[in-house]
Amino acid sequence: MIAQLPKLTQDELRLVQAYERANQDRASVRQAIESRLVDLPIDGYDRMTAEEIADQLPSLTEKELRTVRDYESRGQARKTILERVESLLAA
């Protein structure tokens, strides 16, 4: 179970979290999920295309851009998003 968590989106992690709380409520699984949950600055991030995300990046603060960069680097690592974040941080 824990080995599969890195492959899950934030929405999927929240579903697993709710299921775990309602069922076995294992501390190790809860902690693993909580360590992967991120408060992303773009609503619906995991359901968006790279282009849709890139379009919203200019409106984010430096801290929010870093959050997106870190999340994207640990997840899908989409080049379009990472390059756009880096260019905005460098500006």
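All values derive from a computational prediction rather than experimental measurement.

Q: Give a description of the nonpolar core that names residues and reports values.
A: With 15 residues, the main nonpolar core has Ile42, Tyr45, Ile53, Leu57, Val68 and Ile81 as its most contacted residues. Elements that contribute at least two residues to this core include exactly α3 (50–56), α4 (62–74) and α5 (79–90). If sequence neighbours within four positions are ignored, Ile81 has contacts with Tyr45, Ala50, Ile53, Leu57, Val68 and Glu72. Ranked by size, the runner-up nonpolar core spans six residues in total, among them Leu5, Leu13, Val16 and Val29.

Q: Any details on the packing of α4 against α5? Residues and values, ideally.
A: One way to put it is that α4 packs onto α5 with a least axis distance of 10 Å and a crossing angle of 155 degrees. The pairing of α4 with α5 is recorded here as roughly antiparallel in orientation. Considering only the axes of α4 and α5, their crossing is left-handed. Note on element contacts: α5 touches α4 through Ile81, Leu82, Val85, Glu86, Leu88 and Leu89, opposite Glu62, Leu65, Arg66, Val68, Arg69, Glu72 and Ser73. Classifying every residue of the contact of α4 with α5 gives seven nonpolar, one polar and five charged.

Q: I'd like a rundown of the side chain of Gln17, residues and numbers included.
A: The topology assignment puts Gln17 in helix α1 (residues 10–22). The exposure class of Gln17 is buried, given its relative accessible area of 11%. Gln17 has contacts with Ile33, Glu34 and Leu37, leaving out every residue within four places of it along the chain.

Q: Run through α1, naming residues and quoting values.
A: Compared with an ideal rise of 1.5 Å per residue, which puts 13 residues at 18 Å, α1 spans 18 Å between its outermost C-alpha atoms and is within 8% of the ideal. Residues Gln10, Leu13, Val16, Gln17 and Glu20 constitute the buried set of α1. All buried residues of α1 project into a common sector of 120 degrees when viewed along the axis, lining one side. In α1, the exposed positions that point more than 90 degrees away from the buried face belong to Leu15, Tyr19 and Ala22. Residues of α1 that are buried sit in contact with α2 (27–36) and α4.

Analysis parameters
Residues numbered from 1 in each chain as written. Predicted model: local features only at pLDDT ≥ 70, side-chain atom pairs only at ≥ 80, totals over all residues. Heavy atoms only, no water. Core = buried A, V, L, I, M, F, W, Y, C linked by side-chain atoms within 4.5 Å. Buried < 20%, exposed > 50% of the residue type's maximum accessible area, 1.4 Å probe, protein only. Helix = DSSP H or I, 4+ residues; strand = E, 2+ residues; numbered from the N terminus. Contact = heavy atoms within 4.5 Å. Axes fitted to C-alpha atoms, helices over the stretch in contact; angles between N-to-C directions. Parallel < 35°, antiparallel > 145°, perpendicular 65-115°, else oblique. Left-handed = near helix turned anticlockwise from the far one by under 90°. Nonpolar A, V, L, I, M, F, W, Y, C, P; charged D, E, K, R; others polar. Expected span 1.5 Å × (residues − 1). Arc of directions from axis to C-beta.

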